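For reference, the chains in residue letters:
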Amino acid sequence: MTNYYQERIKNERKELEILQKKNGNTSNLRLAAIIGSAILLYFLFKTSVLFTSLCILLILAGFYFLVRYHEQIQDDLDLKKVLLEVLENEVSILEGKGNIYNSGEQFVDDKHDFGSDLDVFGGFSLFHMLNRGRTKAGQAKLAHSLLASPDKSDIDKLQKANLELRDKAIWRQNFQASLFELSGAPIEALIGLENPPKIKLEWLIKFYAVLKWVFVAAVIWLFYQYGAEKGVIALFGLIAFNYSLVGLNRKKTEPYFNEIKGLNRDLGKYRTAIDLIQNQEWASEYLSKAVNLLPLEGKNPIEEFQLISKKIDMKDNQFAAFFLYAFSPFDLVQLVYLRKWVKENPGFFQKIFMAIADFEQITSLATLGFNQPDWAMPDLIDSSGVAIQGKGLGHVLKPDSVSNDFDLNQNNRLTLITGSNMSGKSTFLRTLGTNVILAYAGSCTFARSLSLNTGIQLYAYMRIKDSLEQDSSTFKAEIDRIKILLEAMDNIPKSLLLVDEMLRGTNSEDKLKGSLAFLERVIKSEAYALVATHDLRMTDMAQTYPESSKNYYFEYDAEDGELIFDYKMKPGICQSFNASELLRSVGLEV
């Protein structure tokens, strides 16, 4: 897949060079147009006023369209540069160098049932591997999907949307590029723009659409009828009146305008993303529902909003302000236009953020499936209990990891895993857990095939830490986690517990007693659990309860003084451990 992206990068760089040349040529053309127009006007002023005025209008119109054309080239050029960043990021991910998108650190919760233990959020996490979203709403949608346990119909919808977007690779990459350089302005700020403040004398401001032309005509008439002195007095009197209207409302309007300030750039990104969505046909129910949130008829409303916000930004230009306020209270007029826009497009930003969030969520899942074509889309089954059948299961954060086959059912609902240090016990627990998470998110999974039933509730006891801030020792943290697992056994019908070397914070005797009591509770509660341990005495559970408990193990080989791990899980009990060898390798005599 790396070759695909490298070929895409090569082709896009060629197109970038073409755009750069076109941009340079257009810049030169604009300069030539200015010089040529100046020379032409010099000679035109020697002709009739009417002919000169007509030529000036034609020159201004031509220059306006030339500027718009140049702006479009510059937008295409900027988008192409960003697209190259998006493609280069995919190469970086595939080569194991990391993802420049957000890692989801803001979603880390050490007290979550499994989030911290299974590396769902943060650096080198499941979220970081998946995330291709730039909006806060898109990231939140993806984060929620990694913690959810939806029913089969909802997962089916996600899978179909995933497969539809997987086949639209170039569209996905352009969609990512359209949002890639968002400034990070809070979504709440944009949603708040849909409530412009009420202003004094708004009834008068509404008439300015007509009044400004009346004022223009009146000032010109005064200049013509009574001379420059009267005309100038009238003009500055009108400006003073307009500024007084602005000052009368400044306390209400200025905070609102400050929120709008600088958002024009982001609005352009959203506009591009919406256009991309609307210019495609969507078959899957999930994506079609997202599209239905967007305006489908006529001009994109965000284009009009963007134009108004761009005009409001112009009021801070001191040179332009004189002309803007000459015949109207400019910013108040724009505020009235905004209120009209809001009335015509109620809840617009809320809807587009929801729609874009849905597309970012599925884009993240589809990109993983595209990058890992050998990973299987899981089969979901509605049934009681916990049932998982996996062939070629691997750790999703380690694409080159060794894979294992594993079935979980009533016969091994208590699965005990023994093995030496670093042999793969903890990794396998995370392998199973993260693939369940991906399956429920509507994603492909690191497996040749995977089937599992819906409604499995994950609980993990793996990464237990003390906390000085919370005055909690390691053992206290373990006790708190055990309490959560016990409550899950009693109250959650499809609980799946992933436990790695429990009760590390106490003496070996109490550790064994507590561990055996925990395993007995698993058997009696009808819960499902995978428990990794170094204590072989716990493996006797498989003899005591052969109908519901099984032993598995990982092992190692020693060759020329070096430890070799195959990371393959086998049925049975580990008979060789390597702690002493590892201690001796660092210089400790044992």
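Anything mentioned here points back to the structure above.
About the thresholds
Residues numbered from 1 in each chain as written. Predicted model: local features only at pLDDT ≥ 70, side-chain atom pairs only at ≥ 80, totals over all residues. Heavy atoms only, no water. Phe/Tyr/Trp six-rings, centres within 6.5 Å; stacked < 30°, edge-to-face > 60°. Buried < 20%, exposed > 50% of the residue type's maximum accessible area, 1.4 Å probe, protein only. Helix = DSSP H or I, 4+ residues; strand = E, 2+ residues; numbered from the N terminus. Core = buried A, V, L, I, M, F, W, Y, C linked by side-chain atoms within 4.5 Å. Contact = heavy atoms within 4.5 Å. Pairing = 2+ DSSP bridges. Axes fitted to C-alpha atoms, helices over the stretch in contact; angles between N-to-C directions. Left-handed = near helix turned anticlockwise from the far one by under 90°. Nonpolar A, V, L, I, M, F, W, Y, C, P; charged D, E, K, R; others polar.

Can you explain the packing of aromatic side chains? Please cite residues and give values.
If you walk through the whole model with that rule in mind, you get 22 aromatic pairs. Seen in terms of ring centroids, Tyr64 and Phe65 are 5.4 Å apart; in terms of plane orientation they differ by 75°. Their pairing is edge-to-face. Tyr64 sits in the partly exposed class, given a relative accessible area of 44%. For the pair Trp171 and Phe175, a centre-to-centre distance of 5.0 Å together with 10° between the ring planes defines the contact as stacked. Placement of both Trp171 and Phe175 in helix α6 (residues 169-179) is noted, with a separation of 4 residues, approximately one turn of the helix. Residue Trp171 shares its accessibility class with Phe175, and that shared class is buried. Put simply, the rings of Tyr270, Trp341, Phe348, Phe349 and Phe353 pair up and form one aromatic cluster.

Before we move on, can you summarise the nonpolar core with the specific residues and values?
With 100 residues, the main nonpolar core has Ile388, Leu496 and Leu530 as its most contacted residues. Counting residues per element, this core draws most heavily on helix α17 (residues 348-371), at 11 residues. The contacts of Leu530, once residues within four sequence positions are left out, are Phe406, Leu408, Thr415, Ile417, Phe428, Leu429, Leu432, Leu496, Leu497, Leu498 and Val499. Residues Leu416, Ile464, Met489 and Phe518 belong to the second largest nonpolar core, which totals 25 residues.

So what about the sheet that holds strand β6 (residues 457-461)? Which residues, and what values?
Taken in spatial order, the 6 strands line up as β6-β7-β8-β4-β9-β12 in an open sheet, and their pairing is mixed. On the outer flanks of this sheet lie β6 and β12 (570-571), each paired with one strand and no other. Sheet topology note: the β6/strand β7 (residues 495-500) ladder contains 5 bridges and is parallel. Across the sheet, the residue bridging to Gln457 is Ser495, located in β7. Where helix α19 (residues 474-491) meets the sheet, it contacts β6 and β7, and its direction lies at approximately 155° from that of β6.

Lay out the packing of helix α1 (residues 2-44) against α6 with the relevant residues and their values.
Put simply, α1 and α6 touch, their axes get as near as 13 Å, and they point 65° apart. Considering how the two elements wind past one another, α1 and α6 form a crossing that is right-handed. Within the contact between the two elements, α1 uses Tyr4, Tyr5 and Arg8 and α6 uses Ala169, Ile170 and Gln173. Looking at side-chain class alone, the contact of α1 with α6 contains 4 nonpolar, 1 polar and 1 charged residues.

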